[in-house]
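As a plain string of letters, each chain reads:
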Amino acid sequence: MLNKLAASELVLNDDGSVYHLNLLPEDIAAKVILVGDPDRVPKVSKYFDTVEIKKNKREFYTHTGTLRGERISVMSTGIGTENIDIVMNELDALVNIDLQKKEFKTEHTSLELYRMGTCGSVNPDVQVDNMLVTKNVVGLDGLMHFYQDYSFENEFSKDFLEKFPYEKIRPMLYFSEWSEQLGEVFKDAKYHGNTATFPGFYAPQGRELRLKALDDQFLETLNDLGITNFEMETSAIYAFSKLLGHKAITVNNVIANRRRGEFSADHHQSEKRLIEWVLERVIN
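These lines cover the structure that appears in this document, whether it is placed above or below. Keep in mind it's a predicted model, so treat the numbers as computed, not measured. (Residues numbered from 1 in each chain as written. Predicted model: local features only at pLDDT ≥ 70, side-chain atom pairs only at ≥ 80, totals over all residues. Heavy atoms only, no water.)

**Overview of the overall build of the protein chain**
Across its full length, the protein chain holds seven helices and 13 strands. Against the 2.2 N^0.38 benchmark of 19 Å for 284 residues, the protein chain shows a C-alpha radius of gyration of 19 Å, consistent with a compact globule. Summarising its shape, the C-alpha atoms of the protein chain cover approximately 50 × 45 × 40 Å along the three principal directions. With 284 residues in all, the protein chain has 53% of them scored as buried. (Helix = DSSP H or I, 4+ residues; strand = E, 2+ residues; numbered from the N terminus. Rg over C-alpha atoms; globule rule 2.2 N^0.38 Å. Buried < 20%, exposed > 50% of the residue type's maximum accessible area, 1.4 Å probe, protein only.)

As structure tokens, this is what we get:
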């Protein structure tokens, strides 16, 4: 089988960089911090000892430099799994496809991907302003069903599917889990839990403005099924990492407890603690 890619499949910019991320292979490190908000990128890179690369296009901002003698990148993804579809495919292309020849490389490179974000909790016992590491994740967005080779099952997913009561949503579900190796890096986190990744901020997360949500007990039901927290990116990051042979982990700072109606008193200070806490462990 030929592995040469058509120009329409691997789209490049005029300088040979990947289309959306606007990056060349030499622009990224083997360790990549993924954040949602572009404004968080400089908040992370200010801790680097050096910054050699600053590139951006649309919502995708990347800074690459060194920290304690090791090369490291931080990249913004924007919001949602549809953006993660772009980020994960183009990151993998940077290290596992010869962009000039548009051919797959024979030697595989595995990236270490650390999502650093914020989340809300559906578990009334989880306290805000604490770090929560995602072990298992369920995606409610359906993205991975567009990929032929993806399947994942473990005890958490089997139990969740057996008890999940929303038949209309069930066909969209898919599952994944952390890199156990990277999990060791954050074993001292206050919480390790199971995350739900939602395809939206309003009704999918139980919020109602002028439109009614599916069920006002949805978040409580998820907690009953073993879900600890929710956000909008992790399921795709974990699933693509399984498919493409990368290692991934999500560390979120809990800034809201929806069951108790609580929000962080100072989420900017909370964000600062998250950044320092993660960087101290990623490169020590």
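**Section: the side chain of Ser-45**
Tracing the backbone through its elements, the reader meets Ser-45 in helix H1 (residues 40-45). The contact partners of Ser-45, leaving out residues within four places of it in the chain, are Val-51, His-63 and Val-74. (Contact = heavy atoms within 4.5 Å.)

**Thoughts on the pairing of strand S10 (residues 191-197)**
Counting buried positions over the seven residues of S10 gives six, a clear majority of the element. Of the pairings in the sheet, the one linking strand S8 (residues 131-139) to S10 comprises seven bridges and is parallel in character. Residue pairing across strands places Val-138 opposite Ala-196, the latter belonging to S10. Alignment of S10 against strand S11 (residues 229-231), held across three bridges, turns out to be parallel. Bridge pairing links Thr-197 to Glu-231 in S11. This β-α-β element, S10 to helix H5 (residues 218-224) to S11, shows right-handed connectivity. (Pairing = 2+ DSSP bridges. Right-handed = clockwise from strand over helix to strand, strands pointing away.)

**Topic: the packing of aromatic side chains**
Think of a pair of aromatic rings as described by two things: how far the centres are apart, and how the planes are tilted against each other in angle. Throughout the structure, instances matching the rule amount to 13 aromatic pairs. Ring geometry for Phe-156 against Phe-160: centres 5.8 Å apart, planes inclined by 40°, an arrangement best described as tilted. With a gap of four residues between them, Phe-156 and Phe-160 both fall in helix H3 (residues 155-163), about one helical turn apart. Since its relative accessible area comes to 13%, Phe-156 is described here as buried. Here Lys-57 stacks its cationic end above the ring of Tyr-19, 3.9 Å away from the centre of that ring. (Phe/Tyr/Trp six-rings, centres within 6.5 Å; stacked < 30°, edge-to-face > 60°. Lys NZ or Arg CZ within 6 Å of the ring centre and 35° of its normal.)

Remember, this is a structural readout, not a statement about activity or role.
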